[in-house]
Amino acid sequence: MSLAEFATRRGLSQSAARPPLRQYIAQLWQRRHFVWTFASSKSISLYTTARLGQLWQVLTPLLNAAVYYLIFGVLLQMSRGIPDYIPFLVTGVFVFTFTQRSVNTGAKSVGDNLSLIRALHFPRASLPFAYVILELQQLMMSLIVLFAIVLAMGEPLTAHWLLLVPVILLQLAFNIGISLVVARLGAFARDITQLLPFMLRTWFYASGIIYSLAHVQNRFQDQPWLVKLLEFNPGYVYVELCRHALLAKYRNYVEDLHHPIGHLWWYALFWAVLMFVGGFLYFYRAEERYGRG
Amino acid sequence: MVDVKEKTESVPAEASPQIVIDPTREPIVVVDGLHVVYRIYGAGGDKGTAATALLRMVRRRNRPQMKTVHAIKGVSFVVYRGDAVGIIGSNGSGKSTLLRAIAGLLPPERGAVYTDGQPSLLGVNAALMRDLTGERNIVLGCLAQGLSLEETKAKYQEIVDFSGLKPEFIQLPMRTYSSGMGARLRFAIAAAKTHDVLLVDEALATGDARFKRKSKAKIEELRKDAGAVFLVAHNLEVIEETCNRVIWVEEGVMRMDGDPKTVIAAYTEATDK
Ligand SMILES: Nc1ncnc2c1ncn2[C@@H]1O[C@H](COP(=O)(O)OP(=O)(O)O)[C@@H](O)[C@H]1O
Ligand SMILES: [Mg+2]
């Protein structure tokens, strides 16, 4: 008889084994307060060392928007044809940043918390969840700045703004999913964290943040598949839907170009469900191995 | 995998490499041919560039800076309900690593650890979140261990009192704490929960005399509820007082497993040389 047989015969179970999926989900749900408190504590500690403190939460997105406006709006003149380029650009940058930062912090969520993982028992998926919630809290700050900019530029406050809620929720699900995927990748291959910034920058330029896909599609008239492909890109989908919710002038402009956007809602739903479910299962399947590296 | 044999009068424990089990007692922890390996990244210091990272990934080669430490090399034993096991060995011999692996916090490279119930580790090296205040560490530590918001609120003051931290320190980040203060707080957080298998790693060593007395009482209290207690301590007297069995580890290998007097005598003789 081997020791393993002896142990299982006497009803013992492996201490580093991963719990069944249902139990894991229940444990994770039970840790929801941990996820939320972890996120808010981290966001407070991020800024307590800086002199201006919490003000940076608002200043950082503002400065980012200003830099992008200077480079792409003033220097490169990307704005041609797009009405109200500033709100267009700022919306794009802020919304895409939510995904970008979720991926970046998600990739480090296991590696940066090894001491916590090695000290206490909890479902490890709490960590990527917490980091995305942290980014969601940052996005809320950015949105306040964004609303101020958009209103200051003379955009009307309409019922369309309410569409922002479902878009952000779908994007949140997508971000959690993709963050779970990179969290597992980053936990076992740290090199990922060095490659991610380059991939994310490429993604940024492919996502129609600084230009309007509806506007440039005329240039690709003989390659309709390319436009279809660019439209399917989740980075583009969530940004574009947010713009349609917030910016009335842009909405009219795209309508005039005869460029329907109804199908983008299906893409948004598709990506959210696919990434959330797929990412969760992918992360879960390595649960017992986090903490070794 | 390690073979076992039931205890009979004719087979002395030391005579065979097999583990001898006692069929009359109820096992609570079974360690079966356990190996634990640490992987350390960035040991070379240089961070590398994206291009070299890509090349390495394409070639499926590990980072040149990655080093491995084989901390536990094939340890096997069985612990029964009611046992208090002392673990001794020189610094870096793998005592803390062994406890973390039993707790299921460090995944085994090979072999396995089987337990009845969820083991909990009360350790001094179990640093939590350095950048957050003591208060946040208490709340997050409780929530992470699965306590509800209400339970956390109810336990909060008890943890603060037990840790003996002055009120002004509770609002400071944990990185500003002395190692004794940090250890006390971490011990208090982990002790807020009830445990099946209790693993105590040098928690008695840090802190002043008053905290030592308090934590020893806490361990006794926890031991009454627990099925088994593991104790790592540099103070051999404490081990001899509290344990009914001692395991001696050296360089990740088990040197001896037996009653406290014999093992401690052999250990003292070996280290005094
Ligand atoms: N977090 C870690 N990362 C890498 N190596 C470690 C880590 N912790 C311990 N080790 C190594 O594992 C070995 C055993 O360490 P440890 O279990 O802490 O010994 P002990 O508790 O008996 O002093 C040592 O060689 C140590 O350097
Ligand atoms: Mg140690």
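Please refer to the structure placed before this passage.
Caption draft 1: Seen up close, helix 9 (residues 260-272) of chain B. Residues and elements named next belong to chain B. For helix 9, which comprises 13 residues, the first-to-last C-alpha distance of 18 Å matches the rise-based estimate of 18 Å (1.5 Å per residue) to within 8%. Of the residues making up helix 9, those classed as buried are Pro260, Val263, Ile264 and Tyr267. Down the axis of helix 9, the sector holding all buried residues measures 95°, keeping them to one side. Summarising the geometry of helix 9, the exposed residues directed more than 90 degrees from the buried face are Lys261, Glu269 and Asp272.

Caption draft 2: Seen up close, the pairing of strand 8 (residues 197-201) of chain B. Residue and element names in this part refer to chain B. Buried residues dominate strand 8, accounting for five of its five residues. The two faces of strand 8 match: Val197, Leu199 and Asp201 on one face and Leu198 and Val200 on the other face are all buried. In terms of strand pairing, strand 8 meets strand 9 (residues 228-232) through five bridges, oriented parallel. Pairing of Leu199 across the sheet is with Phe230, part of strand 9.

Caption draft 3: Geometry of the interface of chain B and chain A. Listed as interface residues are 64 residues of chain B and, on the opposing side, 46 residues of chain A. A combined buried area of about 4700 Å² lies between chain B and chain A, and 64% of that area is made up of carbon and sulfur atoms. At the boundary of chain B and chain A, one finds zero salt bridges. Run the count over chain B and chain A and you get nine residue pairs in polar contact (both at pLDDT 80 or more). Sort the elements by how many residues they give to the side of chain B that touches chain A and strand 3 (residues 27-40) of chain B lands first, with nine residues. Relative to strand 6 (residues 110-115) of chain B, strand 1 (residues 13-14) of chain A runs antiparallel, the two being bridged by two bridges.

Caption draft 4: Looking closely at the sheet that holds strand 6 of chain B. Ordered by their spatial adjacency, four strands build an open sheet running 1(A)-6(B)-3(B)-4(B), and the pairing between neighbours is antiparallel. A single partner strand is all that each edge strand has here, and the edge strands are strand 1 of chain A together with strand 4 (67-80) of chain B. Where strand 3 of chain B meets strand 6 of chain B, five bridges bridge the pair, whose relative direction is antiparallel. Counterpart to Val29 of chain B in the pairing with strand 6 of chain B is Thr115 of chain B. The sheet contacts of helix 2 (residues 95-102) of chain B involve strand 3, strand 4 and strand 6 of chain B, and relative to strand 3 of chain B the element is tilted by about 120°.

Caption draft 5: Structural detail: the environment of Ala217 of chain B. Positionally, Ala217 of chain B belongs in helix 7 (residues 209-225). With relative accessibility at 45%, the residue Ala217 of chain B sits in the partly exposed group.

Caption draft 6: Structural detail: the site of ligand 1. In the vicinity of ligand 1, 13 residues are found, and the nearest of them are Gly92, Gly94, Lys95, Ser96 and Thr97 of chain B. Chain contributions to the surroundings of ligand 1 come from chains A and B. Between ligand 1 and Gly92 of chain B, the relevant distance is 2.7 Å, taken from an oxygen atom to a main-chain nitrogen or oxygen of the residue. A distance of 3.3 Å is found between an oxygen atom of ligand 1 and a backbone nitrogen or oxygen belonging to Ser93 of chain B. Taken by itself ligand 1 offers 560 Å² of open surface, and the protein chains cover 68% of this. Only strand 3, strand 4 and helix 2 of chain B provide two or more residues apiece to the shell around ligand 1.

Caption draft 7: Quick peek at the nonpolar core. Counting residues in hydrophobic clusters, the biggest one holds 133 residues, and the most contacted among them are Phe38 and Leu116 of chain A. With 14 residues, helix 7 (residues 126-152) of chain A is the largest single contributor of residues to this core. Membership of the second largest hydrophobic core comes to 29 residues, among which are Ile28, Leu34, Tyr38 and Ile72 of chain B.

Caption draft 8: View of the side chain of Ser15 of chain A. By the element assignment, Ser15 of chain A lies in the loop between strand 1 and helix 2 (21-30). Assessed through its relative accessible area of 12%, Ser15 of chain A is described here as buried. In contact with Ser15 of chain A, not counting residues within four places along its chain, are Ala101, Ile102, Ala103, Gly104, Val113 and Thr115 of chain B.

Reading guide: rules and limits
- Residues numbered from 1 in each chain as written.
- Chains lettered and ligands numbered in written order.
- Predicted model: local features only at pLDDT ≥ 70, side-chain atom pairs only at ≥ 80, totals over all residues.
- Heavy atoms only, no water.
- Helix = DSSP H or I, 4+ residues; strand = E, 2+ residues; numbered from the N terminus.
- Expected span 1.5 Å × (residues − 1).
- Buried < 20%, exposed > 50% of the residue type's maximum accessible area, 1.4 Å probe, protein only.
- Arc of directions from axis to C-beta.
- Pairing = 2+ DSSP bridges.
- Contact = heavy atoms within 4.5 Å.
- Buried area = accessible area lost by both parts, 1.4 Å probe.
- Salt bridge = Lys/Arg side-chain N within 4 Å of Asp/Glu carboxyl O.
- Polar contact = N/O pair within 3.5 Å; in protein donor to acceptor, adjacent residues only side chain to side chain.
- Axes fitted to C-alpha atoms, helices over the stretch in contact; angles between N-to-C directions.
- Near = heavy atom within 4 Å.
- Areas by Shrake-Rupley, 256 points an atom, 1.4 Å probe, with all protein chains shown as cover.
- Core = buried A, V, L, I, M, F, W, Y, C linked by side-chain atoms within 4.5 Å.

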